[in-house]
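Next come the chains, spelled out residue by residue.
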Amino acid sequence: QLGDTPPDIDDPKELVKLFNAMQTCVTNKWITAGHDKSDGGLITTLLEMCFASDIGCEIDISFINKPDINRFLFNEESGVVIEVPDETLSDVERLLFGLDYHNLGKTTNDNKCTIRYYLESIFDNKVKKRKCLMI
């Protein structure tokens, strides 16, 4: 557990704007993947997206203050991570104008998830598909 404050919605109007923006992105086929970060935080979201798509990612979180890295990676505030092809990036960024968003990095084909803070690699692991069993 990090902190004592549960996730909440600071501005419901922002959530509505985000929802509507995601609907527009899906309708126009501007994104190739998306995942909410409200259950497990950013790091869980990134790994789940890699597992599901059999891809990797290179992420740079240098815009975060160093003492806040764990809070940033594990907070479960509402939000989404989307994968955007280069050819639709300007459309998506125009749509997201006014929302607090960050270009985190890119997906890769090397089945490896790397998260960097400036030049320091703070997470660097292979992501391989495995069999899933439910008992």
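None of these values were measured; they are calculated from a predicted model.

A. Representation of the overall build of the protein within the structure. In terms of regular secondary structure, the protein is built from four helices and six strands. Scanning the protein from its N terminus toward the C terminus, one meets helices and strands in the order α-β-α-β-α-β-α-β-β-β. Taking 2.2 N^0.38 as the reference for a compact globule, 135 residues should give roughly 14 Å; the C-alpha atoms of the protein span a radius of gyration of 15 Å, in line with that estimate. If you line up the protein on its principal axes, its C-alpha atoms span 40 × 40 × 35 Å. Long-range contacts, defined here as pairs at least 24 residues apart, represent 76% of the contacts in the protein between residues at least 6 apart. Per element, the accessible surface of the protein, about 9500 Å² overall, is 53% carbon and sulfur.

B. Quick peek at the sheet that holds strand E6 (residues 120-126). Taking strand neighbours across the sheet as the criterion, the four strands line up as E4-E2-E5-E6 in an open arrangement whose pairing is mixed. Looking at the sheet topology across the chains shown, the edges are occupied by strand E4 (105-108) and E6. Neighbour-to-neighbour, the strand axes of the sheet open up by a mean angle of 10°, direction not taken into account. The sheet contact formed by strand E2 (residues 56-60) and E4 spans four bridges and is antiparallel. Among the inter-strand pairings, Cys57 is bridged to a residue of E4, identified as Thr107. Sheet strands in contact with helix H2 (residues 41-53) are E2, strand E5 (112-117) and E6, and its direction is about 155° off that of E2.

C. Broad picture of the layout of surface pockets. Of the volumes computed, that of the largest pocket is approximately 1500 Å³. Of all elements in the fold, only helix H1 (12-27), H2, E2, helix H3 (69-74), strand E3 (80-83), helix H4 (89-95) and E4 reach the threshold of two or more residues within the lining of the largest pocket. Here the lining of the largest pocket is composed, by residue class, of 25 nonpolar, nine polar and 13 charged.

D. Structural context of the pairing of E2. Bridge count for E2 against E5 is four bridges, and the pairing is parallel. Along E5, the bridge assignment pairs Glu58 with Thr114.

Calculation notes
- Residues numbered from 1 in each chain as written.
- Predicted model: local features only at pLDDT ≥ 70, side-chain atom pairs only at ≥ 80, totals over all residues.
- Heavy atoms only, no water.
- Helix = DSSP H or I, 4+ residues; strand = E, 2+ residues; numbered from the N terminus.
- Rg over C-alpha atoms; globule rule 2.2 N^0.38 Å.
- Contact = heavy atoms within 4.5 Å.
- Areas by Shrake-Rupley, 256 points an atom, 1.4 Å probe, with all protein chains shown as cover.
- Pairing = 2+ DSSP bridges.
- Axes fitted to C-alpha atoms, helices over the stretch in contact; angles between N-to-C directions.
- 1 Å grid on protein atoms, 1.4 Å probe; cavity = no way out; pocket = protein on both sides within 12 Å on 5 of 7 lines; lining within 4 Å.
- Points joined across faces, edges and corners; volume = space filled by probe spheres on them.
- Nonpolar A, V, L, I, M, F, W, Y, C, P; charged D, E, K, R; others polar.

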